[in-house]
Amino acid sequence: MKKKITILPGDGIGKEVTACGKKVLEQIAECFGHEFVFDYGQIGHEAIEATGTPLPDETLAKLKKSDAILFGAVGHPKYDNDPTLPVRPEQGLLKMRKELGLYANLRPIKLFDELLAASSIKPEILKGADILFFRELTGDVYFGERGRKNDNKTAYDTMIYSTYEVERIAHKAFKAAQTRRKKVTSVDKANVLESSRLWRAVVQEVAKQYPDVTVEHMFVDAAAMKLIQNPKSFDVVVTGNLFGDILTDEASQIAGSMGMLASASVGDTVGLYEPIHGSAHDITGKGIANPLASILSAALLLDISFGLQEEADTVIKAVERTLKEGYRTRDIADPSTAHEKILGTEVMGNVVSNQIRMIVSLPVEK
Ligand SMILES: NC(=O)c1ccc[n+]([C@@H]2O[C@H](COP(=O)([O-])OP(=O)(O)OC[C@H]3O[C@@H](n4cnc5c(N)ncnc54)[C@H](O)[C@@H]3O)[C@@H](O)[C@H]2O)c1
């Protein structure tokens, strides 16, 4: 199979982890006889510095011609410390999602058994948890009308959803549930918010087309509690942009670390694959970032955009074997991890890459 993949490393550890995700894709291409042609684009702080804009037209044009995108993260302390700066890295990300019509963000939350001890939640509560989040990505307070009034003393953001936006993501969630444990939990705040009342009514309507799937509706505050109390009770979760943003970070603790969680953003055209974490200024340049979220994002890319199920499973198996052999980055190490098995970003990527070669019975690279 011949495919064109654009790599958007972005800022901070985005560059470090994306190099590992790309290496794994190259390894898969070699081991399974595919041809992946890679190109690079600028986004975020790096793009602002180079061109004055967080998503240059040149990058967008490349993305539109790609078969899939592997993205790192955007962000820089300069903007975190000064929220009034008008041109910001995250605008590049929001514009990219809008321009490419990426309205559904899929976040699988699954704990590798080897990492049970790395989570802050008790192992008996966690073991077996397997949740697939569908976070709506192009609506909500992120894109509603916003502004200041009363001499700058009042600020507002508008939470807004239209029927078609809820319908299209609800269908994706119900279809996914049909291939899993056949349950959808729709999360909203319908006791207070009008946009949530519309959300709930639309999901109830869509649910009628999937009689084999059980649907439950949960308020976001209750869902936040239940995720930690009984994560195994969830199968597919569908929710809006803001609630999904918060709940998926909470759920990252089920997977042990932000460094373990991959995501896919899809719509009707090219798919974008990225770790859920940010640019992590606190560890940038130290070579200690966990690359597994980027590597698992590459597995999602192979599966969802290219339909290469065996290749995607091989990547996941390689990660599993790496963890089983005791290799850890610092964020997922526990007191029992042998000192020599705590690896830096690049070496961890190389170990996973070599595991792929071993799975397909090729000699490992030195
Ligand atoms: N999608 C994105 O591009 C995205 C998402 C979230 C935050 N951000 C940006 O990232 C910057 C930092 O934000 P933050 O600190 O709130 O979130 P973050 O996800 O960057 O980091 C949160 C914590 O998790 C740790 N962490 C994250 N990824 C890790 C990895 N792969 N391995 C090991 N540890 C990891 C970090 O060291 C930090 O302590 C900000 O500028 C923010 O705007 C970008």
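Remember, it's a predicted structure, so these values are computed and weren't measured experimentally.

Draft legend 1. Just the domain arrangement of the chain, in detail. Segmentation of the chain into domains returns domain 1 (1-104 + 278-366) and domain 2 (120-255). Using only C-alpha atoms to locate each centre, domain 1 and domain 2 end up separated by 26 Å. On the domain 2 side, the residues contacting the six residues of domain 1 number eight residues. Across the domain 1/domain 2 interface, buried area totals approximately 870 Å², and carbon plus sulfur atoms make up 69% of it. Among the residues domain 1 hides against domain 2, the three largest losses belong to K98, Y103 and A104. Together they make up 66% of the total. Between the two partners, domain 1 and domain 2, sit two residue pairs in polar contact (both at pLDDT 80 or more).

Draft legend 2. Layout of the layout of surface pockets. Estimates place the volume of the largest pocket at around 850 Å³. Lining the largest pocket are 29 residues, with P108, K110, R180, L300 and I316 positioned closest to its centre. Among the residues making up the lining of the largest pocket, the classes are represented as 17 nonpolar, two polar and ten charged. Taken as a whole, the second largest pocket encloses approximately 550 Å³ of empty space. For the second largest pocket, the lining is made up of 27 residues, of which V74, E90, L93, I276 and G278 are closest to its centre. Listing elements by their share of the lining of the second largest pocket, those giving two or more residues are β3 (68-73), α4 (77-81), α5 (89-99) and α10 (241-251). Looking at which element gives the most residues to the lining of the second largest pocket, the answer is α5, with five residues. Classifying every residue of the lining of the second largest pocket gives eleven nonpolar, seven polar and nine charged. When residues are assigned to domains, the lining of the second largest pocket turns out to be shared by domain 1 (1-104 + 278-366) and domain 2 (120-255), each giving three or more.

Draft legend 3. Representation of the packing of aromatic side chains in the model. In total, this model carries three aromatic pairs according to the counting rule given. For the pair F174 and Y210, a centre-to-centre distance of 5.2 Å together with 15 degrees between the ring planes defines the contact as stacked. Note that F174 is positioned in helix α7 (residues 163-178) and Y210 in the loop between α8 (194-207) and β9 (214-219), a separation of 36 residues in sequence. Across the pair, exposure class does not vary: F174 and Y210 are buried alike. Directly above the ring of F38 sits K22, whose terminal nitrogen or CZ lies 5.1 Å from the centroid.

Draft legend 4. Seen up close, the site of the ligand. Around the ligand, the structure places 20 residues, and the nearest of them are V74, G278, A280, D282 and N290. Within the side chain of D80, one N or O atom sits 3.0 Å away from an oxygen atom of the ligand. In the model, an oxygen atom of the ligand is placed 2.7 Å from a nitrogen or oxygen of the G278 main chain. Starting from 800 Å² of accessible surface for the ligand in isolation, the protein chains cover 69%. Tallied by class, the residues present in the shell around the ligand amount to eight nonpolar, eight polar and four charged.

Draft legend 5. The arrangement of the pattern of salt bridges in detail. Summed over all chains, the structure comprises 22 salt bridges. Ionic pairing is found between E99 and K64, a salt bridge with its closest N-O pair at 3.5 Å. Pair noted here: E99 is in helix α5 and K64 is in helix α3 (residues 57-64), with a separation of 35 residues, a long-range link. Across the pair R135 and D245 runs a salt bridge, and its minimum N-O distance is 3.9 Å. Here the residue R135 occupies a position in strand β5 (residues 130-136), and D245 occupies one in helix α10, the gap between them amounting to 110 residues. By relative accessible area, which is 3% here, R135 ends up buried.

Cut-offs applied
Residue numbers here run from 1 along each chain, matching the order of that chain's written sequence. Thresholds applied to this predicted model are a pLDDT of at least 70 for local features of residues and 80 or more for the giving and counting of side-chain atom pairs; totals over whole chains, interfaces and linings are not thresholded and use all residues. Calculated side-chain values reflect all of the structure's heavy atoms, with hydrogen atoms and water omitted. Boundaries between domains were set according to an automatic or database domain assignment. Residues are treated as being in contact if the distance between any of their heavy atoms lies within 4.5 Å. Accessible-area loss on putting two parts together, using a 1.4 Å probe and summing over both, is the definition of buried area adopted here. Between N or O atoms, a polar contact is any pair within 3.5 Å; within protein, one atom must be a potential hydrogen donor and the other a potential acceptor, and residues adjacent in sequence are included only when both atoms are from side chains. For cavity detection a 1 Å grid was placed over the protein atoms alone, and a set of points counts as a cavity when a 1.4 Å probe fits there but cannot get out; an open set counts as a pocket when protein lies on both sides within 12 Å along at least five of seven lines, with lining residues being those that have an atom within 4 Å of a point. Grid points are joined across faces, edges and corners, and a volume is the space filled by probe spheres set on the points. Residues are grouped as follows: Ala, Val, Leu, Ile, Met, Phe, Trp, Tyr, Cys and Pro are nonpolar; Asp, Glu, Lys and Arg are charged; every other residue, Gly included, is polar. Put simply, DSSP H or I for four residues or longer makes a helix, DSSP E for two residues or longer makes a strand, and each gets a number counted from the N terminus. In this analysis, rings of Phe, Tyr and Trp, with Trp reduced to its six-membered ring, are considered paired at centre separations within 6.5 Å, and the interplanar angle assigns stacked below 30 degrees, edge-to-face beyond 60, and tilted for intermediate values. Think of it in three bands: with a 1.4 Å probe and only protein chains considered, a residue is buried below 20% of the maximum accessible area for its type, exposed above 50%, and partly exposed in between. In this scheme, the term charge over a ring applies when either NZ of a lysine or CZ of an arginine sits within 6 Å of the ring centre and within 35 degrees of the ring normal. Whether a residue is near a molecule or strand depends on its heavy atoms: it is near if one of them lies within 4 Å of it. Areas reported as accessible are Shrake-Rupley estimates using a 1.4 Å probe. Residue values count occlusion only from the protein chains shown. By convention in these notes, a salt bridge is any Lys or Arg side-chain nitrogen within 4 Å of a carboxyl oxygen on Asp or Glu.

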